[in-house]
Amino acid sequence: MASLRHIHRYMNERRSVVLADGRTGKISRVDTFFRKNETVVTVWLKEQADSGLVKVGLDQVVGPADPPA
């Protein structure tokens, strides 16, 4: 699981990330709700059949994706 600091770094560096279900994409937005202590990450999925934007919780972002070979 990535921390909020890592999430912002991946977004600023435009790195691809892996989600808990195996999908990969790039982070386009991070929303933090302080009263609820909840962070929602918006990820752009491009390579999969279900391409488009998806909103997931912070705990669903595993880390950076491996660079393409």
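Residues numbered from 1 in each chain as written. Predicted model: local features only at pLDDT ≥ 70, side-chain atom pairs only at ≥ 80, totals over all residues. Heavy atoms only, no water.

A.B. asks: Quick question: what am I supposed to make of the overall build of the chain here?
C.D. replies: In terms of helices and strands, the chain carries one helix and five strands. Its helices and strands taken in sequence order, the chain reads α-β-β-β-β-β from the N to the C terminus. Relative to the 2.2 N^0.38 estimate, which gives 11 Å for 69 residues, the radius of gyration of the chain is 11 Å and therefore close to what a compact globule would have. The principal-axis extents of the C-alpha atoms in the chain amount to approximately 40 × 20 × 20 Å. Residue burial in the chain is summarised as follows: out of 69 residues, 33% are buried. When the accessible area of the chain is evaluated, it comes to approximately 5000 Å², of which 50% is carbon and sulfur surface. (Helix = DSSP H or I, 4+ residues; strand = E, 2+ residues; numbered from the N terminus. Rg over C-alpha atoms; globule rule 2.2 N^0.38 Å. Buried < 20%, exposed > 50% of the residue type's maximum accessible area, 1.4 Å probe, protein only. Areas by Shrake-Rupley, 256 points an atom, 1.4 Å probe, with all protein chains shown as cover.)

A.B. asks: What is the right way to look at helix α1 (residues 4-13) in this model?
C.D. replies: Side chains three or four residues apart in an α-helix point the same way, a direct result of the helix having 3.6 residues per turn. Residues of α1 that are buried: I7, Y10 and M11. End-on view of α1: buried residues confined to an arc of 100°, all on one side of the axis. Across from the buried face of α1, at angles greater than 90 degrees, the exposed residues are R5 and N12. Looking at the buried side of α1, the elements it contacts are β1 (16-19), β2 (24-33), β3 (38-45) and β5 (61-64). Once α1 ends, the next one or two residues include R14, with phi positive near 55°. (Arc of directions from axis to C-beta. Contact = heavy atoms within 4.5 Å.)

A.B. asks: What's the story with the side chain of T39 in this structure? I'm lost.
C.D. replies: Here T39 is to be found in strand β3. Polar side-chain contacts of T39 include one of 3.5 Å to the side chain of T32. In this structure, T39 is in contact with L4, V30, D31, T32, V56, G57 and L58, ignoring residues within four places of it in sequence. (Polar contact = N/O pair within 3.5 Å; in protein donor to acceptor, adjacent residues only side chain to side chain.)

A.B. asks: What's the story with the sheet that holds β5 in this structure? I'm lost.
C.D. replies: Sheet architecture is open: five strands sit in the order β4-β3-β2-β1-β5, paired in antiparallel fashion. The outermost strands of the open sheet, each flanked by one partner alone, are β4 (52-57) and β5. Neighbouring strand axes in the sheet, compared pairwise and without regard to direction, differ in orientation by 40° on average. (Pairing = 2+ DSSP bridges. Axes fitted to C-alpha atoms, helices over the stretch in contact; angles between N-to-C directions.)

A.B. asks: Whenever I open this one, the nonpolar core confuses me. Can you help?
C.D. replies: For soluble globular proteins, the rule of thumb is that nonpolar side chains tend to be buried together. Within the largest apolar cluster, 15 residues are counted, with the highest numbers of intra-cluster contacts made by I7, L19, I27, V41, V43, V56 and V61. At the level of elements, α1, β1, β2, β3 and β4 are the ones that each hand at least two residues to this core. (Core = buried A, V, L, I, M, F, W, Y, C linked by side-chain atoms within 4.5 Å.)

Remember, this is a structural readout, not a statement about activity or role.
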